[in-house]
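A structural walkthrough
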Amino acid sequence: MGKQMTEMLKGTLEGIVLALLTGNPAYGYEITTLLRGQGFTEIAEGTVYALLVRIEQKGLVDVEKWPSEKGPPRKVYSLNEQGEKELDEFWNTWSFLSERLEQLRKGGK
């Protein structure tokens, strides 16, 4: 993944993670694995953890501690109502941008 992709992803990764958490509570490493399964193979675990701290601070997720077979309890993130609103806004913005970009690419105005 090139530098341009990394820069573009910075702004959209939060929305992507919120989308992955829809109806699917997960902990940090699971989220990283889900992202990689979607083709985002270059994303560092550290990037994902920093993003999870941010969305938790913004109140977009609920966090529960689940026991782990080995080591400390895992923090499991699930999308809450505020997160769902944020995700709706993300999809609206994404639709708007992708339509405009597609028009530009086809040389339209």
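Here helix α1 (residues 3-21) contains 19 residues, and its C-alpha end-to-end distance of 26 Å stays within 8% of the 27 Å for a straight helix at 1.5 Å per residue. The axis of α1 is deflected most strongly, by about 55°, at Gly 11. What α1 keeps buried is the set Leu 9, Thr 12, Leu 13, Glu 14, Gly 15, Ile 16, Val 17, Leu 18, Leu 20 and Leu 21. Close packing links the buried residues of α1 with β1 (26-27), α2 (28-37), α3 (45-57), β2 (61-66), β3 (74-79) and α4 (81-105).

Within the structure shown, the criterion is met by six salt bridges. Between Arg 105 and Glu 102 there is a salt bridge whose closest N-O contact spans 2.9 Å. Separated by three residues within a single helix, Arg 105 and Glu 102 lie in helix α4, roughly one turn from each other. Using a relative accessible area of 67% as the deciding quantity, one classes Arg 105 as exposed. Here Lys 106 ties to Glu 102 by a salt bridge, and the two come within 3.9 Å at their closest N and O atoms. Residue Glu 102 is classed as partly exposed on the basis of its relative accessible area of 30%. Each of the salt bridges in this network shares a partner with another, and the network as a whole consists of Glu 102, Arg 105 and Lys 106.

Parameters at a glance
- Residues numbered from 1 in each chain as written.
- Predicted model: local features only at pLDDT ≥ 70, side-chain atom pairs only at ≥ 80, totals over all residues.
- Heavy atoms only, no water.
- Helix = DSSP H or I, 4+ residues; strand = E, 2+ residues; numbered from the N terminus.
- Expected span 1.5 Å × (residues − 1).
- Bend = angle between axes of the 7 residues up to and from the residue.
- Buried < 20%, exposed > 50% of the residue type's maximum accessible area, 1.4 Å probe, protein only.
- Contact = heavy atoms within 4.5 Å.
- Salt bridge = Lys/Arg side-chain N within 4 Å of Asp/Glu carboxyl O.

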